[in-house]
Amino acid sequence: MNQPPSNVDLLAWFGDDERNVCSQCGVQACVSLPDVPAHFCLACGAITIAGIRLDTAGILPV
Ligand SMILES: [Zn+2]
């Protein structure tokens, strides 16, 4: 049996002070990289660059 998908291991890479509350799902799982204006939520998968949420699923109308 494969392990179900999980974000536990990835979140463990980041300290509490490196995690921010996700503006999309409200979970404190939003992380960013130094010198990069992007945020990645490890809970809901939201990707935000320069404050703009990317529609990675391609479900939003253009
Ligand atoms: Zn989120």
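Every value quoted in this text rests on a predicted model; they were computed, and no experiment measured them.

Enquirer: Where do I start with the sheet that holds strand β2 (residues 28–32) in this structure?
Expert: Hydrogen bonds along the backbone pair up the strands of a sheet, which may run parallel or antiparallel. Spatially, five strands are ordered β1-β2-β3-β4-β5 in an open sheet, and the strand pairing comes out antiparallel. The sheet is open, and its two borders are formed by β1 (20–21) and β5 (52–54), each paired with just one other strand. Relative to strand β3 (residues 38–41), β2 is paired through three bridges, and the arrangement is antiparallel. Looking at β3, one finds that S32 is bridged to H39.

Enquirer: Please explain the coordination of the zinc ion as it appears in this structure.
Expert: Each angle at a metal carrying four tetrahedral donors should ideally be 109.5 degrees, and each at a metal carrying six octahedral donors should ideally be 90 or 180 degrees. Around the zinc ion, the protein supplies C22 (SG), C25 (SG), C41 (SG) and C44 (SG) as donor atoms, at distances of 2.2 to 2.3 Å. Coordination geometry of the zinc ion: the four donor atoms subtend angles of 105 to 115° at the metal centre, consistent with an arrangement described as tetrahedral. Sequence positions of the donors to the zinc ion reduce to the motif C-x2-C-x15-C-x2-C. Pair noted here: C25 is in the loop between β1 and β2 and C44 is in the loop between β3 and β4 (47–49), with a separation of 19 residues, a long-range link. Judged by its relative accessible area of 38%, C44 is partly exposed.

Enquirer: How do you make sense of the confidence of the model for the protein when you look at a structure like this?
Expert: Low-pLDDT portions of the prediction should not be read for the details of their coordinates. Overall, the predicted model of the protein reaches an average pLDDT of 83, with 85% of residues at or above 70. Within the protein, the lowest mean pLDDT, 75, falls on helix α1 (residues 8–12), and the highest, 93, falls on β1.

Enquirer: Help me out: how do you make sense of the pattern of salt bridges in this one?
Expert: Once their charged atoms are close, side chains differing in charge can pair, the charge on each being opposite to the other. In the structure shown here, the tally under the stated rule is one salt bridge. Residue R19 pairs with D16 through a salt bridge whose shortest N-O separation is 3.6 Å. The exposure class of D16 is exposed, given its relative accessible area of 57%.

Enquirer: Sorry, what's going on with unusual backbone geometry here?
Expert: One can expect most non-glycine residues to show negative phi and most peptide bonds to be in trans. Its identity as a non-glycine residue notwithstanding, D35 has a phi of 65°, on the positive side. The topology assignment puts D35 in the loop between β2 and β3. The exposure class of D35 is exposed, given its relative accessible area of 83%. Unusually for a residue other than glycine, A50 sits at a positive phi of about 50°.

Reading the values: rules and limits
- Residues numbered from 1 in each chain as written.
- Predicted model: local features only at pLDDT ≥ 70, side-chain atom pairs only at ≥ 80, totals over all residues.
- Heavy atoms only, no water.
- Pairing = 2+ DSSP bridges.
- Helix = DSSP H or I, 4+ residues; strand = E, 2+ residues; numbered from the N terminus.
- Donors = N, O, S within 2.8 Å, 3.2 Å for Na, K, Ca; no water.
- Tetrahedral: all angles 85-135°; square planar, octahedral: opposite > 155°, others 65-115°.
- Buried < 20%, exposed > 50% of the residue type's maximum accessible area, 1.4 Å probe, protein only.
- pLDDT = per-residue confidence, 0-100.
- Salt bridge = Lys/Arg side-chain N within 4 Å of Asp/Glu carboxyl O.

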